[in-house]
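An overview of the molecular structure
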Amino acid sequence: MPGTRKDESVQPIAYEGKAHERNFKLRELGDADVVQASLDGDDRAFGELVRRYDQRLLNFVYRTIGDRERSEDLIQETFVRVYRHLHRFDQSKKFSTWIYTIASNLAKNELRNRSRNPLVLFQTIKKNWSTDDRPLEWEDPKYKPDDLYRKRYLRARVEEAVEELPKHHRMVFVLRELEGKTYEEIAEITECNLGTVKSRLNRARNNFAKIIAPMIE
């Protein structure tokens, strides 16, 4: 019957529309609400958490350990642990701090294992981070060619200077200066007290200034 065929053709479209609407609503929610939705059994909610943090965590870990492929493995392990232990997450705290802490611990373990293994040389942070990998906006189409050259040159010098920082200074420097984390968040992520974070960051900034000064004279 014509009426029946009409109903059958409309139904999938209506379903797809509702699914799209639910996904859109998830994107409007804060982390805490998305976490709760995941705990309540909404499978799409965990996918939303992955969408929000996958690239950000990859950038952070890559800058810390300097190995892109290994960083991808560690981020996959990060999300596996988040999925398994989400029910243990203290929802009175920030989800972003918790997930960064997990990724940070995996990165620190990776560096520790490398230093203990005589067959694996310690890998410093690789040069030439692509522009898409960094949260800072280094280039703008409105800049003149000379301005773009200077910005590219400065970016390369910054990357070289970061490479030379000790790993425990490098981590707090990256979290603060490149990821924009607060002192309190860095303290939780690195499992250090606030005084230690501020001390390491101060030393990292001083070392960074000394390293980069002759590069840009």
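The shown structure was predicted, so the numbers you read here are calculated from the model rather than taken from an experiment.

1. Description of the overall build of the protein
Each helix and strand counted, the protein has nine helices and zero strands in total. Listing the helices and strands of the protein from first to last along the sequence gives α-α-α-α-α-α-α-α-α. Restricting to contacts in the protein with at least 6 residues of sequence separation, those with at least 24 account for 64%. About 13300 Å² of surface is accessible on the protein, with carbon and sulfur atoms providing 50% of the total.

2. Quick notes on the pattern of salt bridges
Tallied over the entire structure, the rule returns eleven salt bridges. The partner of R63 in a salt bridge is E179, with the nearest N and O atoms 3.3 Å apart. Note that R63 is positioned in helix α3 (residues 43–65) and E179 in the loop between α7 (167–178) and α8 (183–190), a separation of 116 residues in sequence. Here D73 ties to R70 by a salt bridge, and the two come within 3.8 Å at their closest N and O atoms. In this pair, D73 and R70 both sit in helix α4 (residues 68–85), three residues apart, roughly one turn of the helix. Its relative accessible area of 31% is what places R70 among the partly exposed residues. One network of salt bridges, in which partners are shared, links R27, D31, E48, R51 and R52.

3. Notes on unusual backbone geometry
Here E191, not a glycine, exhibits a phi torsion of approximately 60 degrees, which is positive. Topologically, E191 is positioned in the loop between α8 and α9 (194–216). On the accessibility criterion, E191 (55% relative accessible area) is exposed.

4. Brief notes about the side chain of S38
By secondary structure assignment, the location of S38 is in helix α2 (residues 31–39). For S38, the contacting residues outside a window of four places in its chain are A45, F46 and L86.

5. Re the confidence of the model for the protein
Of the residues in the protein, 71% have a pLDDT of 70 or more, and the chain-wide mean is 78. Considering each helix and strand of the protein separately, the mean pLDDT is smallest for helix α1 (residues 2–28), with a value of 55, and largest for α2, with 95. Counting interchain partners and residues more than four positions distant, the pLDDT-below-50 stretch residues 1–17 has zero contacts. Below a pLDDT of 50 lies the segment residues 118–140, which in the model reaches 50 contacts outside its immediate sequence neighbourhood of four places, other chains included.

6. Looking at the packing of α3 against α7
Contact pair α3 / α7: the axes reach a minimum separation of 10 Å and the direction vectors enclose 145 degrees. Helix-helix and strand crossings are classified by hand; for α3 and α7 the assignment is right-handed. Of the residues in α7, those touching α3 at F60, R63 and T64 are R170, M171, V174, L175 and L178. Classifying every residue of the contact of α3 with α7 gives five nonpolar, one polar and two charged.

7. Topic: α8
Listed as buried for α8 are E185, I186, A187, I189 and T190. Positive backbone phi, at 60 degrees, marks E191, one or two positions downstream of α8.

Cut-offs applied
Just so you know, the residues in each chain are numbered from 1, in the order the chain's sequence is written. Since the coordinates come from a predicted model, pLDDT governs what is reported: local features require at least 70, and pairs of side-chain atoms require 80 or more to be given and counted, while whole-chain, interface and lining totals use all residues. Excluding hydrogens and water, the side-chain figures rest on all heavy atoms present in the structure. We count a stretch as a helix when DSSP gives it H or I for four or more residues in a row; a strand needs E for two or more, and each element gets its number in order from the N terminus. Here, residues are in contact when the closest pair of their heavy atoms is within 4.5 Å. Accessibility throughout is a Shrake-Rupley quantity obtained with a 1.4 Å probe, and a residue counts as covered only by protein chains that appear here. Here, a salt bridge means any side-chain nitrogen of Lys or Arg that lies within 4 Å of a carboxyl oxygen of Asp or Glu. A simple rule labels every residue: compare its accessible area, found with a 1.4 Å probe on the protein chains alone, to the largest value its type can have, and call it buried under 20%, exposed over 50%, or partly exposed in between. Predictor confidence is given residue by residue as pLDDT, running from a minimum of 0 to a maximum of 100. Interaxial angle, 0 to 180 degrees, is taken between N-to-C directions of lines fitted to C-alpha atoms, where a helix line uses only the stretch in contact. In this scheme the crossing of two helices becomes right-handed for a clockwise turn of the near helix relative to the far one and left-handed for an anticlockwise turn of less than a right angle. Under the grouping applied here, Gly and all other residues not named as nonpolar or charged are polar, the nonpolar ones being Ala, Val, Leu, Ile, Met, Phe, Trp, Tyr, Cys and Pro and the charged ones Asp, Glu, Lys and Arg.

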